[in-house]
Amino acid sequence: MRREGSPWRGLSAVTMKELADHLSSARMRVLELLVLLTALAALYGAIRQVRDTTAEDPFVFLRLFTSASGQLPSFMSILGFLIPLMAIGLGFDAINGEYNRRTLSRILAQPIYRDALLLGKFLAGLITLAISLSGLWLLVIGLGLIMLGVPPGTEEIARALAVLVIAIAYAGVWLAAAMLFSVVFRSPATAALTTLGIWLFLAVLWPLLAPAIASAIAPPDLRAMLTGQPGIAMLEWQQALLRLSPSQLFTEAMVALFNPSTRALGTIFLSQLHGAVIGAPLPLGQSLLIAWPQTVGLVAASIVLFVIGYVCFQRQEVRA
Amino acid sequence: MSAHVIAARDLTKRYGGAIAVNGISFAVEKGEIFGLLGPNGAGKTTTILMMLGLTEVSGGEIRVLGHDPARDPLAVKRRVGYLPDTVGFYDNLTARENLAYTARLIGFPPADRRERIEDALARVRLTEVADKRVATFSRGMRQRLGLAEILMKGAEIAILDEPTSGLDPQSTDEFLQMIRALKAEGVTVLLSSHLLDRVQRVCDRVALFQSGRIALMGSVAELGREVLGGGFAVEIEAEGAGLELRLGGIEGVSRVERIGPDRYRLLAGRDVRPEAARAVVNGGGQLRRLSVEGPSLEAIYAGFFQRQSEPGEVRDAA
């Protein structure tokens, strides 16, 4: 049975309203504070490092994002933690919040489809995250400019911009996941806890588990045992398993773009490096090609999670 | 299009194995106040949700303003206003902002919105608190704001789910007054409630729900005749000698009870107040008070289920 009328009706109204809610909420204040502290912490560590070492590095500006010093992790790794936290913070009560405020049935009694409500909330969350991340990005570049006194090159800006786009895609994955659980669980606390749990599992435990699972699937063959090297099959399994985690995809994409000398993200044979000038930077286009599968993976993951949430939401009863 | 704005035939809703609504048929005419009455979990809310296309129909069919709500919900929801059971608003927004959001969702042109919102707020007497956050509103004010939303929408049918539950008597009366005002404008009102007594006062026709079926349907007077077998009770307070005999002589009076000093209750098949007054005055008595009770829904309801005398199977599925 086909339904009539456009699923987009009311989409802009929902998006604008949710966006206004996000931007004026206390949550946003917390996010802003987090963004500011992240920028300062990352720069503090990075700038000391950069000043000491690499005056002649052609990509000195990108070092701002990748350098870690002492106890302070690099901006890159902070970002890997900050983004899921922000996205989950914005999405965990998207639908069940409406439900608990008892506004859901009233809103759905207006001439809009559920599609518009869910998509509008997702878009509003994504725009909010994009604004925060862009702010963070500008803050780091600007402060770096002042503190280093070196203007960034065109290619550096382009690479940093590409990472910003990928970071937004990464945020989309966790936002979609948080919204999925906000549809599934009636209690926002349960939804938040589940999403945070999955994030912790994928970010912290999965990198430890993946090698173990990989060696169980592809036990080392005789040659590998003799040489003491892990087998090729095992390495490939390990990487495939690791890449199930969006955190891994995001890290790989960032590495490819921030370190222009990155030539491959997987296992590579020495024979494949024939003729390569090790350590020489790749052009931007080639780095983008390396990061492309990861980016597509992140976008696809957000779409898949959103669709699952959509299907669940369509089948859900609105009544109390 | 027929005069029936809502028509249901064999409407059924199953949740897994449980049947929430079991093959009900009814029709609501334009401009009437139709009451869906019955205990909690009898299938009233489920029926309402099916009318709005908010839950799927398992069997039978329903037409609202000529549209199939499952297939063309937007057309239905554009013309039907819905006040859910315990309505909620966005607490961080003001009353006016809440209505503005709904107006945008409905798709009114920007020029139109302000006037509609102001008008609706004025009619439910919320203009003074329009810029206060809804978090500070009492339950009665929230219900009125919900009604303002329906007014703003210019709905042809207003569906109100338990609109008076949890309201104090004064708020309830005010709210019922507003419902009558809706009817006066030609809006069809569908009202669900488990409070029989209050709702009886406004409904033109009622359907009594019991375990997913409509047990009785019709106007309160019709149901009274059908179930209670006639049912006007006239109460008289008068002084005088031999009144009991005189009152008993009036045509149509089946019984006279003495319910207190100088107070009598007549049971009659019709309204016998004029004859009763004449009987008292002609007998030299002094008439102090004369009142009539129509058949009460409460009595009908009790009477009906007594008559069925089955073990009452009231599931609480809500």
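Criteria and cut-off values
Residues numbered from 1 in each chain as written. Chains lettered and ligands numbered in written order. Predicted model: local features only at pLDDT ≥ 70, side-chain atom pairs only at ≥ 80, totals over all residues. Heavy atoms only, no water. Helix = DSSP H or I, 4+ residues; strand = E, 2+ residues; numbered from the N terminus. Buried < 20%, exposed > 50% of the residue type's maximum accessible area, 1.4 Å probe, protein only. Areas by Shrake-Rupley, 256 points an atom, 1.4 Å probe, with all protein chains shown as cover. Expected span 1.5 Å × (residues − 1). Contact = heavy atoms within 4.5 Å. Pairing = 2+ DSSP bridges. Axes fitted to C-alpha atoms, helices over the stretch in contact; angles between N-to-C directions. Buried area = accessible area lost by both parts, 1.4 Å probe. Nonpolar A, V, L, I, M, F, W, Y, C, P; charged D, E, K, R; others polar. Lys, Arg positive; Asp, Glu negative; His and termini not counted. Salt bridge = Lys/Arg side-chain N within 4 Å of Asp/Glu carboxyl O.

Draft legend 1. Looking closely at the overall build of chain A. Along chain A, the regular secondary structure elements total 13 helices and zero strands. Mapped in sequence order, the helices and strands of chain A form the string α-α-α-α-α-α-α-α-α-α-α-α-α. The dimensions of chain A, computed from C-alpha atoms along their principal axes, are 65 × 55 × 35 Å. Taking all 320 residues of chain A together, the buried fraction comes to 48%. As displayed, chain A offers around 14,800 Å² of accessible surface, 70% of which is attributable to carbon and sulfur atoms.

Draft legend 2. Here's a closer look at helix H3 (residues 95-106) of chain B. In this model, H3(B) (twelve residues) spans 17 Å end to end at C-alpha, consistent with the 16 Å of a helix rising 1.5 Å per residue. Most of H3(B) sits inside the fold, with nine of its twelve residues counted as buried. Regarding H3(B), the residues found buried are B:Ala95, B:Asn98, B:Leu99, B:Ala100, B:Tyr101, B:Thr102, B:Ala103, B:Leu105 and B:Ile106. In this structure, the buried residues of H3(B) make contact with helix H1 (11-24), helix H6 (104-108) and helix H7 (114-148) of chain A together with helix H4 (110-123) and helix H5 (139-153) of chain B. Just past H3(B), the residue B:Gly107 takes up positive phi, approximately 95°.

Draft legend 3. Representation of the sheet that holds strand S1 (residues 4-15) of chain B in the model. Residues and elements named next belong to chain B. If you trace the three strands from one edge of the open sheet to the other, you get S2-S1-S4, paired in antiparallel fashion. The sheet is open, and its two edges are formed by strand S2 (18-29) and strand S4 (59-64), each paired on a single side. Taken over all neighbouring pairs, the strand axes of this sheet differ in orientation by 15° on average, direction set aside. In terms of strand pairing, S1 meets S2 through eight bridges, oriented antiparallel. If you follow Ile6 over to S2, its bridge partner there is Val28.

Draft legend 4. Broad picture of the environment of A:Thr38. Residue and element names in this part refer to chain A. Along the chain, Thr38 falls in helix H2 (residues 26-53). A relative accessible area of 6% places Thr38 in the buried class. The sequence separation of Thr38 and Ile78 amounts to 40 residues, and the corresponding C-alpha distance is 7.2 Å. Once residues lying within four places of it in the same chain are set aside, the contact partners of Thr38 are Phe75, Ile78, Leu82 and Leu136.

Draft legend 5. Representation of the interface of chain B and chain A in the model. The partner chain A presents 31 residues to the 35 residues of chain B that form the contact. Carbon and sulfur atoms supply 55% of the area buried between chain B and chain A, which totals about 3,000 Å² over both sides. Three residues, B:Arg71, B:Tyr90 and B:Leu105, lead the burial of chain B against chain A; their summed loss comes to 23% of the area buried on that side. With six residues, the top contributor of residues to the side of chain B that touches chain A is H3(B). Residues of the side of chain B that touches chain A, tallied by class, amount to 17 nonpolar, nine polar and nine charged.

Draft legend 6. Just the environment of A:Ala216, in detail. Residues and elements named next belong to chain A. Looking at the secondary structure, you find Ala216 in helix H9 (residues 188-217). Overall, the relative accessible area of 61% leaves Ala216 in the exposed class. C-alpha separation for the pair Ala216 and Met234, spaced 18 residues apart in sequence, amounts to 8.6 Å.

Draft legend 7. Main features of the side chain of B:Lys77. Within the fold, B:Lys77 resides in helix H2 (residues 73-79). It turns out B:Lys77 is buried and unbridged, and the closest side chain with the opposite charge, A:Asp115, is 8.9 Å from it. When near neighbours in sequence (up to four residues on either side) are disregarded, B:Lys77 contacts A:Leu108, A:Ala109, A:Gln110, A:Pro111, A:Ile112, B:Leu52, B:Leu54 and B:Lys153.

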